[in-house]
Every structure is written in structure tokens, then in C-alpha cells.
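Notes for the structure review
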Amino acid sequence: MRRLFLITLLLSAVMPMWAQGGTDAEILASIRSASESINAMHCSFTQTKHSAMMKDDAVSTGVMSYSSPSRLRWEYREPVNYVMDIDGSSLTIITEDGMQSHDTSKERMYAGISEIMLGCMSGQAITDKRLFRSTVSDADGLWVVSMTPVRRDMARIFKSVTLTFNPGDCLLRNIVMLDASDNSTTIEISDVSINE
């Protein structure tokens, strides 16, 4: 369960997109290019987890901060405090029970989490065909990037990850992750500030 939680965190930290016409490859290249121009980003998020095993959806809120090239802080504030802080080769998890630090140069699982989270912020993860097969569509005037995991370890956890962007301001609006058990996690992004 903790591994699924960590993977959910890593995929939910994604960047703005230039909404341009063109082939899937051209649009995905635009996402990467726009992402590479981000030196700093801050946003709020609301996460809703839907599962057939739960009577009600689980809703969490928090904030995310990113500083290029290798600093990321993903912080849940409600209903519980949980922080994942990446700083270079150090990954720290802070909960109400305490703090755990991990050296990503020595611990493979945490190295993967760090690589993908930072890769999403830089745009590399979306265009890396070793991680995801990505397609782009237009739905009701919004750009939708559908990502299917390629790696076996990721495919065991997620069936798909869908990112929705508003072409008016070229920012990510939401992420929907469908896991292997058909449970969904939706993350709504708001109050985005870039390079401030």
C-alpha cells in the first residue's frame, strides 16, 4: 500500500503544457520544451481516491513546490500531514510518526521514485518511451494526454494515467490514475505559480 502511495505521489507532480496542434510526438515534445523552461513551480492540489472497498471517497489536500533541477516537495496537509522531500540524491519522508531519510544513490526503489518525479517536472518522463506509451487527444476543447505504463513494475500498479490540460493557459488541470484494481485517484491542480 505504501508503494502505491509513493507511486501516486510521483505521478501527480507534473508540469504545464503548450497547447499546440500537431502530431502526438510534436505535442509531447512541446510539453517537454515548456517544462524545461520552468525554474520553479508552486501549486495547490486536491486529491480524491475512489475505491469499491471504501464507502466514501477519500479526499486530501496539499501543496507542491519544485525548484529545477532536483528539488521537489510534495506535502499533504489535510486530513493528515505527509511530506515527501527530494533534494538531489536525498529523499526524505516526514509523517506524524517521524522522519525517514533515504540515499537515492544507494536505494533502488527510492532512486526510481525520485527519477520519475523529477522527470515529470522536467518533461522527460512524458516523452520517455521506456516508461510510458503516450497518446494525445482533444476532448471538449481540452488536451488529454493518455499514458499507458510500459515497464512491468509500473503496469502492475497502474492501468493508465490521464493528464488534462487547458489550452487557454497551457497548464495542467487534473490527473486521473487508474490502478490495477480499477480504483481511481484524481488530482485537481490549482493556484499555480511558475518562476516566481
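About the thresholds
Residues numbered from 1 in each chain as written. Predicted model: local features only at pLDDT ≥ 70, side-chain atom pairs only at ≥ 80, totals over all residues. Heavy atoms only, no water. Helix = DSSP H or I, 4+ residues; strand = E, 2+ residues; numbered from the N terminus. Buried < 20%, exposed > 50% of the residue type's maximum accessible area, 1.4 Å probe, protein only. Areas by Shrake-Rupley, 256 points an atom, 1.4 Å probe, with all protein chains shown as cover. Salt bridge = Lys/Arg side-chain N within 4 Å of Asp/Glu carboxyl O. Core = buried A, V, L, I, M, F, W, Y, C linked by side-chain atoms within 4.5 Å. Pairing = 2+ DSSP bridges. Phe/Tyr/Trp six-rings, centres within 6.5 Å; stacked < 30°, edge-to-face > 60°.

We now examine the overall build of the protein. On a plain count of helices and strands, the protein comes out with five helices and 11 strands. In the protein, which comprises 196 residues, the share counted as buried stands at 45%. Working note: accessible area of the protein is about 9,800 Å², and carbon and sulfur atoms make up 50% of it.

The full count for this structure, using the stated rule, is seven salt bridges. Notably, a salt bridge pairs Arg 71 with Asp 85, separated by 3.0 Å at the nearest N-O pair. Within this pair, whereas Arg 71 is found in strand S3 (residues 71–78), its partner Asp 85 is found in strand S4 (residues 82–87), the two being separated by 14 residues in sequence. Between Glu 75 and Arg 77 there is a salt bridge, with its nearest N and O atoms 3.4 Å apart. By relative accessible area, Glu 75 is classed as buried at 16%.

On to the nonpolar core. Most often, soluble globular proteins have nonpolar side chains that are buried together. Ranked by internal contacts, the top residues of the largest apolar core, which has 36 residues, are Met 64, Tyr 66, Leu 72, Val 145, Leu 163 and Ile 175. Considering each element in turn, this core owes the most residues, four residues, to strand S9 (residues 158–166).

For Ser 60, the position within the fold is in strand S2 (residues 58–67). Residue classification places Ser 60 among the buried positions, given a relative accessible area of 15%.

Alignment of S2 against S3, held across seven bridges, turns out to be antiparallel. Paired with Ser 67 across the bridge in S3 is Arg 71. Bridge count for S3 against S4 is six bridges, and the pairing is antiparallel. Looking at the pairing, Tyr 76 lines up with Tyr 82 of S4. Connecting S3 to the next strand, S4, in antiparallel fashion are three residues.

Here Asp 128 is to be found in the loop between helix H4 (124–127) and strand S7 (132–139). Overall, the relative accessible area of 17% leaves Asp 128 in the buried class. Through-space distance from the C-alpha of Asp 128 to that of Val 150 is 10.0 Å; in sequence the pair is 22 residues apart.

As a further point, take unusual backbone geometry. In the segment running from Ser 68 into Pro 69, the intervening peptide bond is cis, with an omega of 5°. The step from Glu 78 to Pro 79 runs through a cis peptide bond, and the omega angle for that step is 0°. Note that Pro 79 resides in the loop between S3 and S4. The phi dihedral of Asp 182 falls on the positive side, at around 65°, and the residue is not glycine. When its relative accessible area of 46% is taken as the criterion, Asp 182 is described as partly exposed.

Turning our eyes to something else, we now look at the packing of aromatic side chains. Given two aromatic rings, their pairing is described by the distance between the two centres and the angle made by the two planes. Counting across every chain of the model gives four aromatic pairs. Geometrically, the ring pair formed by Trp 74 and Tyr 76 is edge-to-face, given 6.4 Å between the ring centres and 75° between the ring planes. Assessed through its relative accessible area of 3%, Tyr 76 is described here as buried.

What follows deals with the pairing of S7. Relative to strand S8 (residues 142–149), S7 runs antiparallel, the two being bridged by eight bridges. Within S8, the residue paired with Ala 139 across the bridge is Leu 142. From the end of S7 to the start of S8, which pair antiparallel, there are two residues, and Asp 140 there has a positive phi angle of about 55°.

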